[in-house]
Amino acid sequence: MTATEESEDTETRYDFGGDEFVYVELSAAMSLPVHFRSLAITRRLGEEAIAGVEEICPSNASYMVRVDPDRLHPRDLVRELQRIESEVGDLSDDLTVATRIVDVPIMLNDPWTHEVLMKFRDRHQDPTGTDLDYGARINGYDSTEAFIDALAASPYLVTMMGFVPGLPWCFQLVPRERQVEVPKYVRPRTETPERAFGFGGAFAVIYPVKGAGGYQLFGSAPAPIFDGEQRLPDFAENDSVVFFKHGDVINYRRVDRDEYDDVRAQVDAGTWRYSYRELEFSPSRFLADPDGTNASMKEVLYG
Amino acid sequence: MSVIVKDPGLETTVQDTGRLGYYSIGFPPSGALDSFAYHVGNALVGNEPGAAALEAVYLGPTLEFTQDTVIAVTGAEIPAFIDGEEIPIWESVAVSSGSVLSFGQLRAGARPYVAVAGGIDVPLYYGSRSTYTLVGIGGFEGRALRAGDELAIGSEARDPRAGRRVDPGDVPEHPATAEVHLLVGLHSYRLTPESLERFTGTDWKVTPDANRVGYRFRGAELEFVPREQPFGAGSDPANVTDCGYPVGSVQVPGGVEPIVLLQDAVTGGGYATLGTVVSVDRAKLAQTKTGDKVRFVPVDLDGALAVRQERLAALDRIRSALA
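For clarity, every value in this text was computed on a predicted model and none was experimentally measured. (Residues numbered from 1 in each chain as written. Chains lettered and ligands numbered in written order. Predicted model: local features only at pLDDT ≥ 70, side-chain atom pairs only at ≥ 80, totals over all residues.)

So, about the interface of chain B and chain A. Listed per partner, the contact involves 47 residues of chain B and 54 residues of chain A. Put simply, the parts of the chain that give the side of chain B that touches chain A at least two residues each are β12 (177-184), β15 (239-244), β18 (268-271), β19 (273-277) and α4 (301-322) of chain B. The element contributing the most residues to the side of chain B that touches chain A is β15(B), with five residues. The class makeup of the residues in the side of chain B that touches chain A is 22 nonpolar, 21 polar and four charged. (Contact = placed C-beta atoms within 7 Å. Helix = DSSP H or I, 4+ residues; strand = E, 2+ residues; numbered from the N terminus. Nonpolar A, V, L, I, M, F, W, Y, C, P; charged D, E, K, R; others polar.)

This is the structure we're talking about:
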C-alpha cells in the first residue's frame, strides 16, 4: 500500500507526497553529516535544472521536491534523485558554504511566552511546571538557569526554512551529547506569540508571526524575522520579506528586559538592523573541531 | 470599474491559482481551495485562467457592481440573486452598473466562488493575488473583505459573454459522505497496521476546526507503533525529525484528531504524516463543512495520477466547451 522505494546502497527512503511531491528521507535521525549530505544533493539538483522540477525544499535530515507530474513522472524523478545521491556520495572535505553569522538577541524566560504557555498546560507533557523547567529536567540539568545557559552557549545552523514564511529551524552546532532535545506539545497550541523562541525535537525556532504551534516556549526575540511590508532596512535592501536563509549561522545572545525594550524601540522607529558578518563555513572543518570553529565564527561576528 | 462590498459574508477572500515557488522559505501556495469551481468560474466569464476571483465560505457576500459586467457563481449549491431576482449558478450572467449580488442560505457544499469578467485587480504579492491571512499578505490588504471595501476590476477579460452554461452533468455533486483519494506513505509506518486500516475505513466527521489552513476530523483513535525515537524527533510517539509537509498531507498529533493540510497550511513540521490527499481532491474537501463526513480512499501513485488526469481532462473539456 505504501509507495516507499528503497535505494540500493543506503537507508534513504524515497516516497511520494501525493501526485505533486517527492519526499526523500536520508535518515530518520538528525545529524550534521546527514544534513550536509542533503545540502549537497539539493544543491546539485538545483544546478541540473531538470524540467518538471518545480521547487526544491531542503530540510533537516530529508528534503522534498515539488514536481509537475504532467511534465516529469514522479517515478522518473526518483530515479534522477537516486543517481544524484550516489554521485554525491559521502560528505566531501572541500565542501564549503558561503554563509553569514548573525547576532540574534533573545530574552529567555520572558513574560509574553510565559503567559501563553500557562494557558495551554492541558496540552503539555507536564501540566504542573513551565516549558523551561520541563526542558531542564528531561535534559538532565540541575537548574533551569543552567539549561538557559546551554541554550545560548553555542551558535546554531539554519537547517530548514518554513512552517510559515521566514521561520528558521536551527540546529545547535555542538556535539550530539551536548544537544538539547525536547518533545513537541502533545497537542499543538492554538496560540503562540509573535517572535516566540521555541524548541522542538533538537531544533530551536523563532515564530515569525503569532499563530498555532507545537514547540516548547522558552523565550522571545525582540527583532522581527518577517517583515511583510519591508519597512526595516534589512528587508528592504534585500528585497525580501524574510530575513534568514537556509545555511545561515545564528548566534542567539541573551538579553535582559532593558536591551529587549531598546531593540523594540529601534524596530518601532524603523532603524533596527541585525548585526552580521559573511563567512565560508566548512562542514568537515566544523565536524573535526566544533568548539574551535564556533569560537572563530564568534570572533568574526564580535571582533 | 469596481465591486463595492456591502456585506462581506463570513470570510470572503481574493484568490487565484496560488503563490507558487516560495514553499522552501515557508510560503504555502494559498489560492482557491476548490480549484475546479474557481477555474470553471473564470472560463464562464471569459477570463484568462489565472484571473483572481472571490472565495466565500458558508455565507455569501453582498456586492455592488459600479459598471456593466459579466459574473458567474460556482462552487457550493447556494441561491444567488441580482437585485433580489434569483440567477442561475454555474452560468455567466450580465449585471448592470448599480446592480447588487446577494446570496440565500447554503443548500450544499461550503464555498461559493464569484468570478468577474476582467478578474479582481489587487496588487501581485510574490507573484500572486491570493490572500494569505495568516501573515496578512496578498489579496485585498492581506485580509478577508469587510463592508465598505472597494475592489478594482481588471480590464483584461478575453471574451466576456453572458449565457455560457456548464452542462448539468459536469456540476459536482455534494454527497453526504465525500470521498477523497489518499496516497498512503510518508510516515505511515509510524501507525499500527490496524490503525492505518481504521483510518481508511472510518467516515471522519469534519470538526469546527476546518478552514483554509487545514481540516481537523474526529471519528476514531489511532495508535502509533512504539519505538525508541530517533535523535532530533522528540520523545512523543507522534514526533518525527522536522521535515517538509506536502500540501494535502495528513498528520495525527496525539492520535485523535487527524488534520489534512490545505492551501494556507504550514509548509513543514515535526508531526508524523500518514499520507497525502491527491491534489485535485482538495477541491472536494473544500466543499465539506463542519459536521459533514469524509472518507479517505487509498490509492497508489498510479491511482493518484489517474485521478489527477481524469479531473484535469474534465476541466479541459469544460473549458473548450465554454470557449
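Moving on from the model shown.
To continue, consider the domain arrangement of chain A. Accessible area lost upon the coming together of the parts serves often as the stated size of an interface. Residue and element names in this part refer to chain A. Along its sequence, chain A is organised into domain 1 (5-88) and domain 2 (98-302). The C-alpha centroid of domain 2 is placed 28 Å from the C-alpha centroid of domain 1. With four residues, helix α1 (residues 32-48) is the single largest residue contributor to the side of domain 1 that touches domain 2. Class assignment of the residues belonging to the side of domain 1 that touches domain 2 gives a composition of five nonpolar, three polar and no charged. (Domains from an automatic or database assignment.)

Moving on to helix α1 (residues 35-45) of chain B. All names here are of chain B. Burial of α1 is extensive: 11 of the 11 residues sit out of reach of the surface. Looking only at α1, the buried set comprises Ser35, Phe36, Ala37, Tyr38, His39, Val40, Gly41, Asn42, Ala43, Leu44 and Val45. Positive phi shows up at Gly46, right after α1, with a value of about 75°. (Buried ≥ 20, exposed ≤ 12 C-beta atoms within 10 Å, placed from the backbone.)

Residues and elements named next belong to chain B. With mixed pairing, the seven strands of this closed barrel are ordered in space as β12-β19-β16-β17-β14-β13-β20. Ignoring which end each strand starts from, the neighbouring axes of this sheet average 40° apart. Note that strand β16 (residues 249-251) and strand β17 (residues 259-261) share two bridges and pair antiparallel. Of the residues in β17, the one forming a bridge with Val250 is Val260. Sitting on the sheet, helix α2 (residues 193-201) touches β12, β19 and β20 (293-299), and the angle it makes with β20 is about 125°. (Pairing = 2+ DSSP bridges. Axes fitted to C-alpha atoms, helices over the stretch in contact; angles between N-to-C directions.)

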